[in-house]
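Fold and contact review
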Amino acid sequence: MIASELYKNIGTVLISKEELQNKVRSLGEQISQDFKGEDVVLISNLKGSFRFLSDLAASLTIPTQVDFISFTSYHGGTESTGEMRIIKDLKMPIENKNVIVVEDIVDTGYTIDFILKYFQDFRIPKSVKICTLLDKKEKRKVEVPVDYFGFVVPDLFLIGYGLDYKEYFRELNYIAEYNI
Ligand code: PRP
């Protein structure tokens, strides 16, 4: 199938550009308030969180550092395999830092669970919080602490604002359902 055909299957818009902007701004205010007088490291788990990370960082009013990891259990499919792989590790030390792991979506929870354990075992941050734009609560297989979330979403295949299907649609400014 050619790429332009894929774009015909974009379904209902669940979260508009304006709703995303407002929510990200309020999350930024909340985090800035919670960490007043401190500084934070935002750690973006690629690739889905790159849009959210960028807008969230811009909405913070506290000293902020950014780093990227790529930990995945999907290996190109649409269902988590549960087998975690580290594609890219941190570039900067996070020992004694306030870390906020930034995700586009928490689904089964396997990815966040692995990241938390990895940081606790091999890095010693001062604190670790989880901030996800979307929380697909009903799909959870393992309990994980979600400290900040934007929207609880139903069990639909979602695309846009970082989320992909076959690596397309990350560029969209809204979140929509995708009809596979
Ligand atoms: C997605 C998403 C989270 C993870 C959530 O990443 O960005 O990291 O899946 O799912 P889980 O709670 O079931 O573990 P994916 O591996 O699809 O890679 P991508 O971000 O590059 O699209």
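Structural notes, computed from the coordinates. (Residues numbered from 1 in each chain as written. Predicted model: local features only at pLDDT ≥ 70, side-chain atom pairs only at ≥ 80, totals over all residues. Heavy atoms only, no water.)

**Notes on the site of the ligand**
Quick reminder of the rule: One heavy atom within 4 Å of a molecule or strand is enough for the residue carrying it to be called near that molecule or strand. What qualifies as a polar contact is a pair of N or O atoms within 3.5 Å, subject to a donor-acceptor requirement within protein and to the restriction that residues adjacent in sequence count only when both atoms come from side chains. Using the Shrake-Rupley algorithm and a 1.4 Å probe, accessible areas are obtained, with residue cover drawn only from the displayed protein chains. Each helix is a run of H or I in the DSSP string that is no shorter than four residues. Each strand is a run of E no shorter than two, and both are numbered from the N terminus. The nonpolar class holds Ala, Val, Leu, Ile, Met, Phe, Trp, Tyr, Cys and Pro. Asp, Glu, Lys and Arg form the charged class, and all remaining residues, Gly among them, are polar.
As a structural note, the neighbourhood of the ligand is formed by 17 residues, with Thr72, Tyr74, Asp104, Thr108 and Thr111 the closest of them. Between arginine 170 and the ligand, the recorded distance is 3.2 Å, taken from a side-chain N or O atom to an oxygen atom. Protein coverage of the free-state accessible area of the ligand, which is 500 Å², stands at 89%. For the shell around the ligand, the secondary structure elements donating two or more residues are strand S5 (98–106) and helix H4 (110–122). Take the shell around the ligand: its biggest share by element is 4 residues, from S5. Class assignment for the residues of the shell around the ligand results in 5 nonpolar, 6 polar and 6 charged.

**Some remarks on the packing of aromatic side chains**
Put simply, the test is: Two aromatic rings, drawn from Phe, Tyr or Trp (for Trp, its six-membered ring), form a pair once their centres lie within 6.5 Å of each other, and the interplanar angle then sorts them: stacked below 30 degrees, edge-to-face above 60, tilted otherwise. Burial status follows relative accessibility: with a 1.4 Å probe on protein chains alone, a residue under 20% of its type maximum counts as buried, one over 50% as exposed, and anything between as partly exposed.
Scanning all chains against the criterion turns up 11 aromatic pairs. With a centroid separation of 5.7 Å and an interplanar angle of 75°, the aromatic rings of phenylalanine 71 and phenylalanine 114 are classed as edge-to-face. Taken together, the positions of phenylalanine 71 in strand S3 (residues 64–72) and phenylalanine 114 in helix H4 put the pair 43 residues apart, joining distant regions of the chain. Overall, phenylalanine 71 belongs to the buried group, its relative accessible area being 1%. Classification of phenylalanine 114 as partly exposed rests on a relative accessible area of 27%. Taken together, a centroid distance of 5.6 Å and an interplanar angle of 85° make the contact between phenylalanine 157 and tyrosine 165 edge-to-face. Relative accessible area serves as the criterion here: at 24%, phenylalanine 157 is assigned to the partly exposed category.

**Focus on the pairing of strand S9 (residues 175–178)**
Where we set the bar: Two strands qualify as a pair provided that DSSP identifies no fewer than 2 bridges between them.
Relative to S9, strand S1 (residues 10–15) runs antiparallel, the two being bridged by 3 bridges. The residue bridging valine 13 from the neighbouring strand is alanine 176, located in S9.

**Some thoughts on the sheet that holds S9**
Within the open sheet, the 3 strands sit side by side as S1-S9-S8. Their pairing is antiparallel. On the outer flanks of this sheet lie S1 and strand S8 (158–159), each paired with one strand and no other.

**Looking at the environment of threonine 111**
Filter applied, for reference: Contacts are assigned to residue pairs that have any heavy atoms within 4.5 Å of one another.
With respect to the secondary-structure elements, threonine 111 resides in helix H4. Residue threonine 111 is classed as buried on the basis of its relative accessible area of 14%. For the pair threonine 111 and leucine 46, spaced 65 residues apart in sequence, the C-alpha separation works out to 11 Å. Not counting the four nearest positions on each side in its chain, threonine 111 is found in contact with Asn45, Phe71, Ser73, Met84 and Glu103.

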